[in-house]
Amino acid sequence: MSESRTSMSDWTRKTGAELADALAAGETTSVELTQAHLDRIAAVEGAIHAFLHVDAAGALAQAAESDARRSDGDLRSPLDGVPIAVKDILTTTGLPTTCGSKILEGWIPPYDATVVTKLKDAGLPILGKTNMDEFAMGSSTEHSAYGPTHNPWDLDRIPGGSGGGSAAAVAAFEAPIALGTDTGGSIRQPGAVTGTVGVKPTYGGISRYGLVAMANSLDQVGPVTRTVLDSALLHEIVGGHDPRDSTSVDPPLPALVEAAPQGATGDRSGVRVGVITELGREASAGSGWQAGVLARFQESLDLLVEAGAEVVEVSCPNFVHALAAYYLIMPSEASSNLAKFDAMRYGLRVVPEGDPSAEDVMRASRDAGFGDEVKRRIILGTYALSSGYYDAYYGQAQKVRTLIGRDFDAAFEQVDVLVSPTAPTTAFKLGEKLDDPVAMYLNDLATIPANLAGVPGISLPSGLADEDGLPAGFQVLAPALADDRLYRVGAALEALLEKKWGGAILDRAPELKGADA
Amino acid sequence: MSDTLLSFEESLEKFDPAMGLEVHVELNTNTKMFCGCPAVFGGEPNTQTCPTCLGLPGAMPAVNAKAVESAMRIGLALNCEIAEWCRFARKNYFYPDMPKNFQTSQYDEPIAFDGYLDVEIPARSGEGTETFRVDIERAHMEEDTGKSLHVGGATGRIQGADHSLVDYNRAGIPLIEIVTKPIMGSREKAPEIAKAYVAQLRELIVALGVSDARMDQGSIRADVNLSLAPAGSGGLGTRTETKNVNSLRSVERAVRYEMQRHAAILDEGGSILQETRHWQEDSGVTLSGRPKSDADDYRYFPEPDLVPVAPSREWVEELRGTLPELPREKRARLQKEWGFSDLEMRDTVGAGALGLVEETIGAGASPQAARKWWLSDMARRANEKGVDVADLGVAPTDVARVQELVDEGRINDKLARQVFDGLLAGEGTPDEIVAARGLEIVSDDGALGAAVDKAIEANPDVADKIRDGKVAAAGALIGAVMKEMRGQADAGRVRELILERLS
Amino acid sequence: MPEITRQEVEHLADLARIDLSDAELDQIAPQLSVILESVASIKEAAADDIAPTSHALPLTNVFREDVVVPGLTAEQALSGAPEVDQQRFSVPRILGEEA
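Conventions adopted
Residues numbered from 1 in each chain as written. Chains lettered and ligands numbered in written order. Predicted model: local features only at pLDDT ≥ 70, side-chain atom pairs only at ≥ 80, totals over all residues. Helix = DSSP H or I, 4+ residues; strand = E, 2+ residues; numbered from the N terminus. Rg over C-alpha atoms; globule rule 2.2 N^0.38 Å. Buried ≥ 20, exposed ≤ 12 C-beta atoms within 10 Å, placed from the backbone. Contact = placed C-beta atoms within 7 Å. Nonpolar A, V, L, I, M, F, W, Y, C, P; charged D, E, K, R; others polar. Domains from an automatic or database assignment. Axes fitted to C-alpha atoms, helices over the stretch in contact; angles between N-to-C directions. Parallel < 35°, antiparallel > 145°, perpendicular 65-115°, else oblique. Left-handed = near helix turned anticlockwise from the far one by under 90°. Pairing = 2+ DSSP bridges. Core = buried A, V, L, I, M, F, W, Y, C linked by C-beta atoms within 7 Å. pLDDT = per-residue confidence, 0-100. Arc of directions from axis to C-beta.

Visitor: Outline the overall build of chain C, supporting the account with residue identities and numerical values.
Guide: For chain C, the count of helices and strands is three helices and three strands. When the helices and strands of chain C are listed from N to C terminus, the series reads α-α-β-α-β-β. By the compact-globule yardstick of 13 Å for 99 residues, chain C is too spread out, its C-alpha radius of gyration being 22 Å. The C-alpha extent of chain C, read off along each of the three principal axes, is 55 × 45 × 25 Å. Looking at chain C as a whole, 34% of its 99 residues are labelled buried.

Below, the structure written as structure tokens:
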């Protein structure tokens, strides 16, 4: 059986599209490649801790169903049979959904998120639920109540956050593809620091029903993959209008899967690319932007220019206020969303001594069940919404949102897409910013404007920074509903970079100790 | 500890009342405000919930189109402006019967605003009616809460309970909250105007068909705000908000009570505590509830999961076209159709029996018969039981059937009252009660003839008078026969039989 | 510089129903002051005449037909409850009354 073991380990190195092709060609079965990923999880989870819950039995059962369907010629989607990991913020019947919080420890939802239903309908076996900062509050996954996830590039470093689990699972070949959520960069920043691809679709492009809300007006579900094409494939499966989500948009998604190969192989001349002055240009270098990240960014721009794209600099003057607006709007909405965790209907109930009232139990349970960062944000949001402060904080932040939207509108008059480095730095060390919330927040500087305006964005690896050899991210932003541009430009750059680096950047990640031994 | 009260008359000598009425109307839509769960009364506990109305993590609301339409129709019927653009907002506060710990409501952008309702009250002159205009501040959409059962305390009260059991079937049922502007200048009519406002608002809601409008089941709930200011000052005093006022009678009593209670406190130089109070139906008093405090910082903000409601003017006009005849116009029409005098009409409306009379007439009774039963017999019984006549438990169709039995000569008015006794005792339909109680009038000549003969024999003097042509004397013999037959005789036939025998 | 006092944090924690310990209050108050200082620029960032944005995309009038759809069974509804009695959610005694 040694030959089969070798081929099984190979399956984990394949992209989602490659796995789909292999299934179609009859070279493997969904059960075999699901098992291969489960084996990989078993081998490396001790080091990575990307998952909060692995559902081997469930995934294999779904895989067997997919195989049976395939033999009947009944395929549900292009990725039928390709296993996937799901961020633990999306509800799943029969599988715990904790959002990385003690307050939801052991909670098994009685309903599936719309995107989970779509995955099941499309025949994708769900490997398990991935780790995250508690309630998606963080940029490092260190705020998970169940311990941090480690970056496969360097186990002493963070995998980004809040969706560090999904990104690390994909980067460590534990899952070919995954779902994440992005409120201020929680898909894109982990993508940047793990050398993977992450997409935040247009707000409303993918249903949020069953996504445990942090900030409803900013949250979006999106793909986490190793290639641009895989993101497009997954995006098409989970995207589209959902009557259960009143903010979901009605017009059908543009053809995303078509856009990726068009971008990779087609003519790039005439594409107008806008570089955002306020995000990572020379002027802002030194203010937290890592030189290696900026160098890889410039290199990528040069490649696009060589390929015929027209690159211009575009100023978005209000972006300097984006971080402040975000750190008022997000905690405000979160403080209200998280009120439901009160120990009455589900979740952790802590009963203090004596003859406690419902109020006492609520207070004690919320103190015990929420971590520090969650408490900080709840208090901050409560403050920003309270009478006397609303206009100065929440109200002003909503106005800044208008101004940022106008900046985008003006910029997209001039260019087809906007670009920037995804995150200011490569992965930092675990613990490095844990006691400095504001320093942690600065990681989201470049990703937040897209959430505030609802426009789509993608992050893909731009190479490795010279000073630390860690991956850096390149962000592409497009106008609302023009998600196809992300895939067209993203795939073009991906192809150019692959040529330059002589293969996928993730192939340069160190082999994990203990894996495939 | 009971409150000190100033007499109503003295209260008015010294103070002017200002009122504000907040009425919650539970809509009779098929589904809840933000999810597809059934919005029906009752049901086994926690059988009408879904992730949304249970506030489960990840669930999202979706607005019921019918509820929005009902809200706009209520607004239009109240002469309100309909917002061109408005949003839902979250009202944040913690309470175990509220699944999300925020209520999805509307804040500074209600769907309807700036309207009025012209309320008819008995004229001060005592003749006919006069109109008092109540200005409407707003009508907005929101959702109801779950229901708690308090265990271990006295008679299900929250105080002293050991724990509570929560049922979320009611959580999320659509509510329209209708808020008046301060009602000034009502003076001694204040209690009457408050009651008339709620009664006529209820009639409007019934006419619109948007709610079951049952105060006894809580599908219409009134909160009464009241404050007093020194007479003639034109100012506004500190107000109290009395909740749980769940009948028309109680609205009137609660206003009167709070006026007298405030007056007694103010008269002694005290000050009113701004607080919520609770109306006690059984004892007819209000009890102190929760003081208003800075804990009432509801941190409203626009509900991000719902998009704005922006009704097109075409939609608004279309809905305006669906408005039924307004109650006031309808009253004028009915009065003419029924041939009621002003006084008769006023009493009918005042007793809250207009709809009942109308339905009774619709079921076949004559207008005067319908009015007679509801305003005399039913009104007396309702008064004895301390309930609104509509909540007595007698259906208009039953009243119409009883009158039909009278018209057919099968019972008379006196027997009809016994049928109503049976109806209230739950003995079945009027026909079943007549049969079971053996109330049908005897018109069989055999039985009647024997009784007539007996009466003639026992009253020879009277019989002689009749033989002499003094027919009017027959009344005495008829009375004797009726007594013999325990009232169950056809009086007309008895007369005929007497005259046959004595002519 | 926007300062948030320990007392204010205590009041906010009360509004948010979190029983913060003394140590937590000592820690959070200065952290919030730093965070608020970092967002203080927001106050001058937008002029009065700028309309606020509450929703990223300009959708309006998204409604659902008034048609019943199946929900949860009582068993499902109560499946996560810390305590159940008489097919209801059992909660400790409720002190205050509803707002």
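Visitor: Which residues make up the overall build of chain B, and what are the values?
Guide: A tally of helices and strands in chain B yields 16 helices and 15 strands. Counting across all 503 residues of chain B, residues that qualify as buried make up 47%. If you take every contact in chain B between residues at least 6 apart in sequence, the share linking residues at least 24 apart comes to 69%.

Visitor: Give me the lowdown on the interface of chain C and chain A, citing residues and values where you can.
Guide: Facing 45 residues of chain C, the contacting portion of chain A comprises 57 residues. Broken down by secondary-structure element, the contributors of at least two residues to the side of chain C that touches chain A are α1 (6–15), α2 (22–39) and β3 (88–92) of chain C. The element best represented in the side of chain C that touches chain A is α2(C), accounting for seven residues. For the side of chain C that touches chain A, the class distribution of residues is 31 nonpolar, nine polar and five charged.

Visitor: Give me the lowdown on the interface of chain B and chain C, citing residues and values where you can.
Guide: Between chain B and chain C, the residue contacts involve 45 residues of the former and 34 residues of the latter. Taken together, the elements giving at least two residues each to the side of chain B that touches chain C come down to β2 (63–64), α2 (65–77), β8 (147–151), β9 (163–167) and β14 (285–291) of chain B. No other element matches the five residues that β9(B) contributes to the side of chain B that touches chain C. Residues that form the side of chain B that touches chain C fall into these classes: 24 nonpolar, 13 polar and eight charged.

Visitor: Go over the domain arrangement of chain B with me, naming the residues and quoting the values.
Guide: Looking at the assigned domains, one finds that chain B contains domain 1 (8–310), domain 2 (327–437) and domain 3 (445–501). Distance between the C-alpha centres of domain 2 of chain B and domain 3 of chain B: 33 Å.

Visitor: Run through the packing of helix α11 (residues 322–337) of chain A against helix α14 (residues 391–414) of chain A, naming residues and quoting values.
Guide: Between two packed helices, the angle of one axis relative to the other and the distance separating the axes together describe the packing. All names here are of chain A. Axis separation between α11 and α14 bottoms out at 9 Å; the angle between their running directions is 125 degrees. With respect to their mutual orientation, α11 and α14 come out oblique. Note that α11 runs across α14; the crossing there is left-handed. Between α11 and α14, the contacting residues are A322, A325, L328, I329 and S332 on the first element and Y393, Y394, A397, V400, R401 and I404 on the second. Of the residues in the contact of α11 with α14, the class split is nine nonpolar, one polar and one charged.

Visitor: Which residues make up the pairing of strand β10 (residues 174–180) of chain B, and what values do they have?
Guide: Look at any regular strand and the pattern is simple: side chains alternate between the two faces of the sheet. Residues and elements named next belong to chain B. By the criterion of burial, β10 is predominantly enclosed, with five of the seven residues buried. Across five bridges, strand β1 (residues 15–26) lies against β10 in antiparallel orientation. Looking at β10, one finds that E26 is bridged to L175. As paired elements, strand β7 (residues 129–143) and β10 share seven bridges and run antiparallel to each other. Looking at the pairing, A139 lines up with I178 of β10.

Visitor: Pulling in residues and values, what's your account of the nonpolar core?
Guide: Most often, soluble globular proteins keep nonpolar side chains buried together rather than apart. In terms of nonpolar packing, the biggest core is built from 288 residues, with A:I84 and A:L328 touching the most fellow members. If we skip the residues at most four places from it in the chain, A:I84 touches A:L119, A:L124, A:I126, A:L127, A:A175, A:I177, A:A178 and A:L179. Of all hydrophobic cores here, the second largest spans 48 residues; its members include B:L354, B:W374, B:L439 and B:I466.

Visitor: Run through the confidence of the model for chain C, naming residues and quoting values.
Guide: As a note on interpretation, predicted positions should not be read in detail where pLDDT is low. Residues and elements named next belong to chain C. Here chain C averages 91 in pLDDT, while 94% of its residues score no lower than 70. Across chain C, element-level confidence peaks in strand β1 (residues 63–64) with a mean pLDDT of 98 and bottoms out in α2 with 93. Interface scoring of the predicted complex returns ipTM 0.96; its pTM is 0.87.

Visitor: Summarise the sheet that holds strand β6 (residues 112–122) of chain B; cite the residues concerned and give the values.
Guide: Residues and elements named next belong to chain B. Here nine strands make up an open sheet; going across it, the order is β3-β6-β7-β10-β1-β11-β12-β13-β14 and the pairing mixed. Because the sheet does not close on itself, it has two edges, and the strands there are β3 (81–82) and β14. This element, helix α3 (residues 190–208), spans β1, β6, β7, β10 and β11 (220–230) of the sheet and lies at about 115 degrees to β6.

Visitor: Describe unusual backbone geometry, with residues and values.
Guide: Most peptide bonds are trans, and most residues other than glycine sit at a negative phi. Put simply, A:G161 and A:S162 share a cis peptide bond, and its omega is 10 degrees. Its location among the elements puts A:S162 in the loop between β3 (126–130) and α6 (164–171). Its identity is not glycine, yet B:N46 carries a phi of approximately 55 degrees, on the positive side. Secondary-structure assignment places B:N46 in the loop between β1 and β2. Positive phi outside glycine occurs at B:R187, with the angle close to 45 degrees.

Visitor: Describe the environment of B:S366, listing the residues and the values that go with them.
Guide: All names here are of chain B. Structurally, S366 is set in the loop between α8 (354–362) and α9 (367–385). Here S366 falls in the partly exposed class, since 14 other C-beta atoms lie within 10 Å of it. Separated by 38 residues in sequence, S366 and E404 place their C-alpha atoms 9.5 Å apart.

Visitor: Report on helix α2 (residues 16–24) of chain A, specifying residues and quantitative values.
Guide: Residues and elements named next belong to chain A. Of the residues making up α2, those classed as buried are G16, A17, L19, A20 and L23. What you see down the axis of α2 is that its buried residues fit within an arc of 160 degrees, all on one side. Trailing α2 by a residue or two, G26 shows a phi angle of about 75 degrees, which is positive.

Visitor: So what about the sheet that holds strand β6 (residues 220–225) of chain A? Which residues, and what values?
Guide: Residues and elements named next belong to chain A. Ordered in space as β1-β3-β2-β4-β6-β5-β10-β11-β9-β7-β8, the 11 strands form an open sheet in which the pairing is mixed. Of all strands in the sheet, those bounded by a partner on one side alone are β1 (51–54) and β8 (310–314). Strand-to-strand, the axes of this sheet are offset by a mean angle of 30 degrees, without reference to chain direction. As paired elements, strand β7 (residues 272–276) and strand β9 (residues 417–421) share three bridges and run parallel to each other.

Visitor: Kindly report on the packing of helix α3 (residues 30–48) of chain A against helix α4 (residues 56–71) of chain A, identifying the contributing residues and their values.
Guide: Residue and element names in this part refer to chain A. Interaxial distance between α3 and α4 falls to 8 Å at its minimum, and their mutual angle equals 160 degrees. Between α3 and α4, the angle is such that the two are roughly antiparallel. Like other packed secondary-structure pairs, α3 and α4 cross with a definite hand, here right-handed. On α4, the residues touching S30, V31, T34, Q35 and L38 of α3 are A56, A59, L60, A63, A64, S66 and D67. The residue makeup of the contact of α3 with α4, split by class, is seven nonpolar, four polar and one charged.

Visitor: Tell me about the pairing of β7(A), and please be specific about residues and values.
Guide: As judged from the five bridges shared by β7(A) and β8(A), these two strands associate in the parallel manner. Within β8(A), the position partnered with A:V275 by the bridge is A:E313.

Visitor: Got a sec to walk through α1(C)? Specific residues and values, please.
Guide: Turning to α1(C), its buried residues are C:V9, C:L12, C:A13 and C:L15. The buried side chains of α1(C) occupy one side of the element, clustering within an arc of 155 degrees when seen end-on. Along its buried surface, α1(C) packs onto α13 (372–385) of chain A together with α2 of chain C. Phi turns positive one or two residues past the end of α1(C), at C:R17, with a value near 55 degrees.

Visitor: How would you sum up the environment of B:V210? Please name residues and give values.
Guide: All names here are of chain B. Within the secondary structure, V210 sits in the loop between α3 and β11. For V210, a count of 24 C-beta atoms within 10 Å translates into the label buried. Along the primary structure V210 and H163 are separated by 47 residues, whereas in three dimensions their C-alpha atoms are 36 Å apart. Those residues in contact with V210, other than ones at most four positions away along the chain, are L27, N28, S70, R73, I74 and I205.

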